[in-house]
Amino acid sequence: MSRKPRKRKKRPATRRSSAPASRLTTTAQTLRKRGGVAAITGGIVLLAGLLLVAALVFSGSQPPTETTESFAPLIPAPDTGSMEGPVRRRLEQARTTVERQPDSGPAWGGYGALCDAHSLYECAEVCYTRATELDKSDFRWFYLLGFVSELRGAPADRVAAHYERAALLEPRLPTTFYRLGEVLTRAGRLDEASVAYNRAIAIDTQLTVAYRGLGQVALAQGDPDAAIVHLNRAMALGADRNPATLASLAQAQMRVGDGTAAEATAARAATATAELPIPDPVRLRINEMNLSSAESASRAARLIQAGRYEAALEQMRVVEESRPDEPVTHYRIGVCLANLGQLDEALPRLRRAAELVPDNEIVRREFERVRDLVE
Amino acid sequence: MRGISAIVICFTLAGCDSAQSPPPGAAPWLLDVTEQVGLDFIYASGATGILHLPEVMGGGVAFIDYDGDGDLDIYLTNANAPNSLFRNDDGRFTDATADSGLGDTGHGMGVAVGDHDNDGDSDLYLTNFGDDRLYRNDDGRFVDVTADSGIVAPGWSASAVWCDYDRDGLLDLYVAGYVDYQEDTRCHDSASRPTYCGPLEFPPISDQLFHNLGQGRFRDVSRAAGIDQVRAAGLGVVCEDLNGDGRPDFYVANDAYANQLWLNRGDGTFIDRGVLLGAAFNVHGQPEAGMGVVAADFDNDLRPDLFVTHLAAETNTYYRNLGEGSGFIDATGQVGLAASSMALTGFGAVAFDIELDGDLDLAIGNGRVKRADPRQDSWVAEPWSWFAEPNLFYFNAGGSLFRAAALEAAPFIEAVEITRGLALGDYDADGDQDLLVGNIEGPARLYRNDAPREGHWLVLRLSDPQGNREAIGAVVTVDTGNSRQRRTVTRGNSYMSSGDTALHLGVGPAASVEVTVEWPDGSLEKFERVEVDGTRELNRGNGVSVP
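For clarity, every value in this text was computed on a predicted model and none was experimentally measured. (Residues numbered from 1 in each chain as written. Chains lettered and ligands numbered in written order. Predicted model: local features only at pLDDT ≥ 70, side-chain atom pairs only at ≥ 80, totals over all residues. Heavy atoms only, no water.)

What about the interface of chain A and chain B?
Often, the extent of an interface is quoted as the loss of accessible area on bringing the components together.
Move 1: Chain A puts 47 residues into the contact, and the matching count from chain B is 43 residues.
Move 2: Interface area for chain A against chain B, summed over the two sides, is near 3,800 Å², with a carbon-plus-sulfur share of 56%.
Move 3: Applying the counting criterion to the chain A and chain B interface returns one salt bridge.
Move 4: A salt bridge links Glu263 of chain A to Arg273 of chain B; the shortest N-O distance between them is 2.5 Å.
Move 5: For the pair chain A and chain B, the number of links is 13 residue pairs in polar contact (both at pLDDT 80 or more).
Move 6: Broken down by secondary-structure element, the contributors of at least two residues to the side of chain A that touches chain B are α6 (139-151), α8 (174-186), α9 (190-203), α10 (208-220), α12 (243-255) and α13 (259-271) of chain A.
Move 7: At seven residues, the largest contribution of residues to the side of chain A that touches chain B is made by α12 of chain A.
Move 8: Taken together, the residues that form the side of chain A that touches chain B break down as 22 nonpolar, 12 polar and 13 charged. (Contact = heavy atoms within 4.5 Å. Buried area = accessible area lost by both parts, 1.4 Å probe. Salt bridge = Lys/Arg side-chain N within 4 Å of Asp/Glu carboxyl O. Polar contact = N/O pair within 3.5 Å; in protein donor to acceptor, adjacent residues only side chain to side chain. Helix = DSSP H or I, 4+ residues; strand = E, 2+ residues; numbered from the N terminus. Nonpolar A, V, L, I, M, F, W, Y, C, P; charged D, E, K, R; others polar.)

Digging into the environment of Ile278 of chain A
Move 1: Tracing the backbone shows Ile278 of chain A in the loop between α13 and α14 (281-288).
Move 2: Ile278 of chain A gets classed as partly exposed once you look at its relative accessible area, which sits at 27%. (Buried < 20%, exposed > 50% of the residue type's maximum accessible area, 1.4 Å probe, protein only.)

Section: unusual backbone geometry
Residue and element names in this part refer to chain B.
Move 1: With an omega dihedral of 5°, the bond running from Glu382 to Pro383 counts as a cis peptide bond.
Move 2: Of note in this structure, Glu324 is not a glycine but carries a positive phi near 50°.
Move 3: Of note, Glu324 is situated in the loop between β22 (317-321) and β23 (328-330).
Move 4: Residue Glu324 is classed as exposed on the basis of its relative accessible area of 80%.
Move 5: The phi dihedral of Leu356 falls on the positive side, at around 50°, and the residue is not glycine.
Move 6: By the secondary structure assignment, Leu356 is in the loop between β24 (346-352) and β25 (361-366).
Move 7: Looking at Leu356, the relative accessible area reads 0%, which means it is buried.

What to know about the packing of α10 of chain A against helix α11 (residues 224-239) of chain A
All names here are of chain A.
Move 1: In contact at an axis separation of 7 Å, α10 and α11 are set at 160° when each is read in the N-to-C sense. Relative to α11, the element α10 lies roughly antiparallel. With respect to the hand of their crossing, α10 and α11 are arranged in left-handed fashion. Of the residues in α11, those touching α10 at Thr208, Tyr211, Arg212, Leu214, Gly215, Ala218 and Leu219 are Pro224, Ala226, Ala227, His230, Leu231, Arg233, Ala234, Leu237 and Ala239.
Move 2: Within the contact of α10 with α11, the residues separate by chemical class into 11 nonpolar, three polar and two charged. (Axes fitted to C-alpha atoms, helices over the stretch in contact; angles between N-to-C directions. Parallel < 35°, antiparallel > 145°, perpendicular 65-115°, else oblique. Left-handed = near helix turned anticlockwise from the far one by under 90°.)

Things to note about the pattern of salt bridges
Residue and element names in this part refer to chain A.
Move 1: What the rule picks out here adds up to 51 salt bridges over all chains.
Move 2: Here Arg352 ties to Glu355 by a salt bridge, and the two come within 3.2 Å at their closest N and O atoms. Remark: Glu355 and Arg352 occur in helix α18 (residues 343-356); sequence separation between them is three residues, near one turn of the helix.
Move 3: Among the residues examined, Arg352 registers a relative accessible area of 29% and is labelled partly exposed.
Move 4: Accessibility expressed as a relative area gives 48% for Glu355, which makes it partly exposed.
Move 5: Where Arg365 meets Glu361, a salt bridge forms, and the shortest distance between an N and an O atom there is 3.9 Å. Of the two residues, Arg365 and Glu361 both sit in helix α19 (residues 361-374), four residues apart, roughly one turn of that helix.
Move 6: Through salt bridges that share partners, Glu361, Arg364, Arg365 and Glu368 make up one connected network.

Structural notes on the packing of aromatic side chains
Residue and element names in this part refer to chain B.
Move 1: Applying the stated criterion across every chain yields a total of 26 aromatic pairs over all chains.
Move 2: Here the aromatic cluster, defined as three or more aromatic residues joined through ring pairs, consists of Phe129, Trp156, Tyr178, Tyr181 and Phe202.
Move 3: Residue placement shows Arg371 over the ring face of Trp386; its charged tip is 3.4 Å from the ring centre.
Move 4: We note Arg420 situated over the ring of Phe347; from NZ or CZ to the ring centre the distance is 3.7 Å. (Phe/Tyr/Trp six-rings, centres within 6.5 Å; stacked < 30°, edge-to-face > 60°. Lys NZ or Arg CZ within 6 Å of the ring centre and 35° of its normal.)

With respect to the nonpolar core
Move 1: Tyr111 and Tyr128 of chain A together with Phe298 and Phe307 of chain B are the most contacted members of the largest nonpolar core, which totals 85 residues.
Move 2: Considering each element in turn, this core owes the most residues, nine residues, to α6 of chain A.
Move 3: Two domains share this core, each providing at least three of its residues, namely domain 1 (51-62 + 83-172) and domain 2 (189-276) of chain A.
Move 4: Residues Val56, Phe93, Ala289 and Trp386 of chain B belong to the second largest nonpolar core, which totals 68 residues. (Core = buried A, V, L, I, M, F, W, Y, C linked by side-chain atoms within 4.5 Å. Domains from an automatic or database assignment.)

Structural notes on the sheet that holds strand β34 (residues 503-508) of chain B
Residue and element names in this part refer to chain B.
Move 1: With mixed pairing, three strands are arranged side by side in an open sheet as β34-β31-β37. If you trace the sheet from one side to the other, it starts and ends with β34 and β37 (535-539), each paired once. Geometrically, the sheet is characterised by an average inter-axis angle of 35° between neighbouring strands, direction not taken into account.
Move 2: One ladder, built from five bridges, connects strand β31 (residues 456-463) with β34; its direction is antiparallel. From the neighbouring strand, Leu460 faces β34, where its bridge partner is Leu503. (Pairing = 2+ DSSP bridges.)

Observations regarding the pairing of strand β26 (residues 392-396) of chain B
All names here are of chain B.
Move 1: With five of five residues buried, β26 is to be regarded as a mostly interior element.
Move 2: Burial of β26 is two-sided: the residues Leu392, Tyr394 and Asn396 facing one way and the residues Phe393 and Phe395 facing the other way are all buried.
Move 3: For β25 and β26, the ladder comprises three bridges, and the chain directions are antiparallel. What sits directly across from Ile364, in β26, is Leu392.
Move 4: In this sheet, strand β27 (residues 402-404) lies alongside β26 in antiparallel orientation, the contact comprising three bridges. Within β27, the position partnered with Tyr394 by the bridge is Ala404.

Remarks on the domain arrangement of chain A
Move 1: Taken as a whole, chain A is organised into domain 1 (51-62 + 83-172), domain 2 (189-276) and domain 3 (292-374).
Move 2: One C-alpha centre belongs to domain 2 of chain A, the other to domain 3 of chain A, and the line joining them spans 41 Å.

Description of α10 of chain A
Residues and elements named next belong to chain A.
Move 1: Over its 13 residues, α10 runs 19 Å from end to end, which matches the ideal 18 Å to within 8%, given 1.5 Å per residue.
Move 2: Taking burial as the measure, the 13 residues of α10 include 13 buried ones, the bulk of the element.
Move 3: Of the residues flanking the end of α10, it is Gly222, one or two places downstream, whose phi is positive at about 80°. (Expected span 1.5 Å × (residues − 1).)

Brief notes about the state of the cysteines
Move 1: Counted according to the given criterion, the structure contains three disulfides over all chains.
Move 2: The partner cysteine of Cys163 of chain B in its disulfide is Cys239 of chain B, sulfur to sulfur 1.9 Å. Of this pair, Cys163 of chain B sits in strand β10 (residues 157-163) while Cys239 of chain B sits in strand β16 (residues 234-240), and the two are 76 residues apart along the sequence.
Move 3: Judged by its relative accessible area of 11%, Cys239 of chain B is buried.
Move 4: Covalent S-S linkage joins Cys187 of chain B and Cys197 of chain B, the inter-sulfur distance amounting to 2.1 Å. Measuring handedness by torsion sign, the sulfur bridge of Cys187 of chain B and Cys197 of chain B sits at about 105° and is right-handed. Within this pair, whereas Cys187 of chain B is found in strand β12 (residues 187-188), its partner Cys197 of chain B is found in the loop between β13 (194-195) and β14 (208-214), the two being separated by 10 residues in sequence. The two residues Cys187 of chain B and Cys197 of chain B agree in class, both being buried.
Move 5: The thiol sulfur of Cys127 of chain A is not disulfide-bonded, and the nearest other cysteine sulfur, from Cys123 of chain A, lies at 4.1 Å. (Disulfide = S-S within 2.5 Å.)

Description of the sheet that holds strand β6 (residues 108-114) of chain B
Residues and elements named next belong to chain B.
Move 1: Read from one edge of the open sheet, four strands run β6-β7-β8-β9, paired in antiparallel fashion. Of all the strands in the sheet, just β6 and β9 (141-144) have a single pairing partner and so form its edges. Sheet twist, expressed as the mean angle between neighbouring strand axes with direction ignored, is 25°.
Move 2: As paired elements, strand β7 (residues 123-128) and strand β8 (residues 130-138) share four bridges and run antiparallel to each other. Pairing of Asn128 across the sheet is with Gly130, part of β8.

Given below as structure tokens:
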């Protein structure tokens, strides 16, 4: 069979913009998001400082870096053709920033971060690589390059080197060592993984995920007794409803011959749903940079649940741009406005939502509630 | 493992980066002979641009000697066109669909070959996005006997495997059920571009187990067996004795759910021990997007290990069997299979000894389900280039380490397509296994194995007149004097595909070997001084019974 001809991709047009290369969130906002993570309370003060550093760098407030002599790659141009407006525009702005400041590490890193946030990992890897060349002092480019290069199939040695470099530049962030531990675990370098997890714990003794990692490494090393000790520690630190922790514990209990306990733990694992968040301010910031309507809608739902209607409304405005006349758009905007006391504006939104999904009881009740308040 | 000669060459040549690499300019070991043999088939997905999930999932392939002439023919499922049968005439393939009755027009997914009525010829079970079909082989013409068989599988089925789980001499059927697909669901990727939905967007459906009652009749025993207690988006399934108790178990690779290890309790019921025995999750305790699955003894410790292919951003996963009921451990990283699979989405996978050196190598077919920017080296045009990826091939470097192939497997690993089905069979009857590949919106490809052989070799074909004719489920141990290898007779590895039953082994310097067969009913028989460098028929009763 012959190869089919390949269509040549057009490079999307870019718009000149002086917008910063990355979206900003404040340290305070980030800390509020992290406030619910009971298991990492002990690390909050430490991480707050790191977040401040992170916010400063993402804001582009770092001094410009010197021009380097190293080879400059082509600026990646992901296919933005079928993307939603806000995503496309933001990517194009970030790319334009790189075009205007080709020797700026933060510009490359910011574009990489935006690509990363939208799972455009090839673009992200190129950009982060260039950012590490231009801006050798910022741990986050190395950290993010470690994360993305693993997803792109880089060998563990190379990925680990990025994390090690990040740790040299910023030794206070426990998740650098945690991520390194994960990489080394996946690579089967279990002794080194164990060391990495312990380095994370040395910085944050309450880092639940690192204890779970140690337990899983011990299990893989054929030491179920040690695995049980570590996993129980993770359980005590808040992982007692986390399916991955429970599944590993069940397996370890089985290995030591405690079938009864193993069965009971496996049964708990089967119904457990609690996530065990990794307190990773760098990746958290990346996730927040995703501008797709689906992600914004999902963030808005979480914010509404948390009673943070102003922030939720901000997210829904992004959704509205791409999905202006969907029932969920009108409904959530209506709920936010109503809870912010803007009943007159809320009412037409909820009315429209009720028209679009007349059988939805929740929408109808909220519409009637607000209508009664207005009238 | 390659021989000492290659290692010596490596020590003497500067720049030699691998003991596995052949000299520059050497012929590839897997040669694409698709055009040469006349195999002319394109999998038509039926895509309309709306991105319905079924159009990017299917494409099973099979080797089957449908006309009983001793050579392997080819069967290929299709979605928006009838399935196709190609007859093998001295190594040339001719489309024989029209006369065969096998041009099934369902939205084709998988194919499982097996002699369900034990009459000496190979029948076909087809999984569809929609009603599955059972075709009985009547002297090379196939008859749809689904309605009379008692098999009712109306949902979205994926892989299926024939296996005599109750050891009554008749092949039973396990069918992996995927999801209850809703056509109006639309999904977008992280960058807000339209893409195929994942399995978590839809309710999963349960698998089905059909007990063969004889006379071409089946009973759905999913409930009685305990199989229907789980709904988990099954895609791949194998049947193998995974805990060493002599009874065949089922292992199901689920897409985004915990994998099931259904241990056979010997009373017609099964219990899922995937979590407790370490085969449900990866090393991090996380479920992965299981697609294809292989059960095989990769490390030659006489126990079957498991290998499961996964989505990008996950590794493929190698579960080492610890034996003695201890279960499995995710040893993917230790054996060198992690990083190279991280960026790729694996589907079909097969284990075979490409150079007949005594251990099992690994071929994996890749192709995304989530869109990405088109690869510059894609062999398919947009929009399919969003999903095209190169395949993978690994040499077994001694059981505890795999090494990614380069030049040797070039035609196979350089094909940047959307590969799904993968099956093994020796279509040219030269003693080694060739590779049949199915690609979405692309051609089915046949790769001829031209690898230089490392020592003597042996092909074993088993026959069990007292049980299922092809001895599906028989466990063979080959003792060369220096080493032992364990193989199971099966057609049901990989993804939605079906291979041949013959066992192809490299036996090193041995001029003859001792073969012990554990027949599907558990009885043991020894065949002594089996001569090498040829195909040997092992018929039950012709060896020495082992008490």
